[in-house]
Amino acid sequence: MTDSPKPPAEKKPSNWIFPIGGGLVGAYFLIKGAFSVRETQGDVIFALLMAGIVVLLGGLGFVMYRTWRADRNR
């Protein structure tokens, strides 16, 4: 008996709308909070907060991109 090749498994469609939407909403509130702190604490704290937000969002975006690429290649 010869083994017949198995058909490739169907890919389950991934739903990225919730992580992307949640990231955008979270970024909005982080930036809105940084601007409210700017009014009370000054520009130095605001700059530190914005730098932290950029690093945080960049890291999360990188992780999401790698996950998306891994999903796409499966």
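What comes next concerns the included structure. (Residues numbered from 1 in each chain as written. Predicted model: local features only at pLDDT ≥ 70, side-chain atom pairs only at ≥ 80, totals over all residues. Heavy atoms only, no water.)

A closer look at the overall build of the chain
Where we set the bar: A run of H or I in DSSP counts as a helix once it spans at least four residues, and a run of E counts as a strand once it spans at least two, with each numbered from the N terminus. Under the scheme applied here, a residue whose accessible area is under 20% of the maximum for its type counts as buried, over 50% as exposed, and between as partly exposed, the area being computed with a 1.4 Å probe on protein chains only. The Shrake-Rupley method, run with a 1.4 Å probe sphere, supplies the accessible areas, and residue values consider only the shown protein chains as cover.
The number of helices and strands found in the chain is 2 helices and 0 strands. Every one of the 74 residues in the chain was classed for burial, and the buried ones make up 7%. Per element, the accessible surface of the chain, about 6,600 Å² overall, is 68% carbon and sulfur.

A few points about the packing of aromatic side chains
Here is the rule we go by: Side-chain rings of Phe, Tyr and Trp, where Trp is taken by its six-membered ring, are said to pair if the distance between their centres is within 6.5 Å; with planes under 30 degrees apart they count as stacked, over 60 as edge-to-face, and otherwise as tilted. Look at NZ for Lys and CZ for Arg. If either is within 6 Å of the ring centre and within 35 degrees of the ring normal, a charge sits over the ring.
Counted according to the given criterion, the structure contains 3 aromatic pairs. Ring geometry for tyrosine 28 against phenylalanine 29: centres 5.1 Å apart, planes inclined by 75°, an arrangement best described as edge-to-face. Residue tyrosine 28 is classed as partly exposed on the basis of its relative accessible area, which comes to 48%. For phenylalanine 29, a relative accessible area of 52% gives the class exposed. Here phenylalanine 35 and phenylalanine 46 contribute two aromatic rings whose centre-to-centre distance is 5.0 Å and whose plane-to-plane angle is 40°, an arrangement assigned as tilted. Taken as a pair, phenylalanine 35 in helix α1 (residues 17-41) and phenylalanine 46 in helix α2 (residues 43-73) lie far apart in primary sequence, 11 residues in all. Seen from the ring of phenylalanine 46, arginine 38 lies directly overhead, with NZ or CZ sitting 4.5 Å from the centre.

Things to note about a nonpolar patch on the surface
Note the cut-off: Only residues whose relative accessible area exceeds 30% and that form no salt bridge enter a patch; like-charged residues are grouped when within 9 Å of one another, and nonpolar side chains (Val, Leu, Ile, Met, Phe, Trp, Tyr) when within 5 Å. For salt bridges, the criterion is a side-chain nitrogen of Lys or Arg within 4 Å of an Asp or Glu carboxyl oxygen.
On the surface, Leu30, Leu56, Leu57 and Leu60 cluster together into a nonpolar patch covering about 310 Å² of accessible area. By residue number, the principal contributor to the nonpolar patch is α2, which donates 3 residues. Topologically, leucine 60 is positioned in helix α2.

Looking at the packing of α1 against α2
Note the threshold: For helices, the axis comes from a line fit to the C-alpha atoms of the stretch in contact; other axes are also lines fit to C-alpha atoms, and the angle between any two N-to-C directions lies between 0 and 180 degrees. For classification purposes, an angle smaller than 35 degrees is called roughly parallel, one larger than 145 roughly antiparallel, one from 65 to 115 roughly perpendicular, and anything else oblique. Note on contacts: a residue pair qualifies if any of its non-hydrogen atoms lie within 4.5 Å across the two residues. When residue character is reported, Ala, Val, Leu, Ile, Met, Phe, Trp, Tyr, Cys and Pro are called nonpolar, Asp, Glu, Lys and Arg charged, and the others, Gly included, polar.
Relative to each other, α1 and α2 sit at 170°, their axes nearing to 8 Å. Taken together, the axes of α1 and α2 are roughly antiparallel relative to one another. On α2, the residues that touch Pro19, Ile20, Ala27, Leu30, Ile31, Ala34, Phe35, Val37, Arg38 and Gln41 of α1 are Asp43, Ile45, Phe46, Leu49, Met50, Ile53, Leu56, Leu57 and Met64. Grouping the amino acids of the contact of α1 with α2 by side-chain chemistry returns 16 nonpolar, 1 polar and 2 charged.

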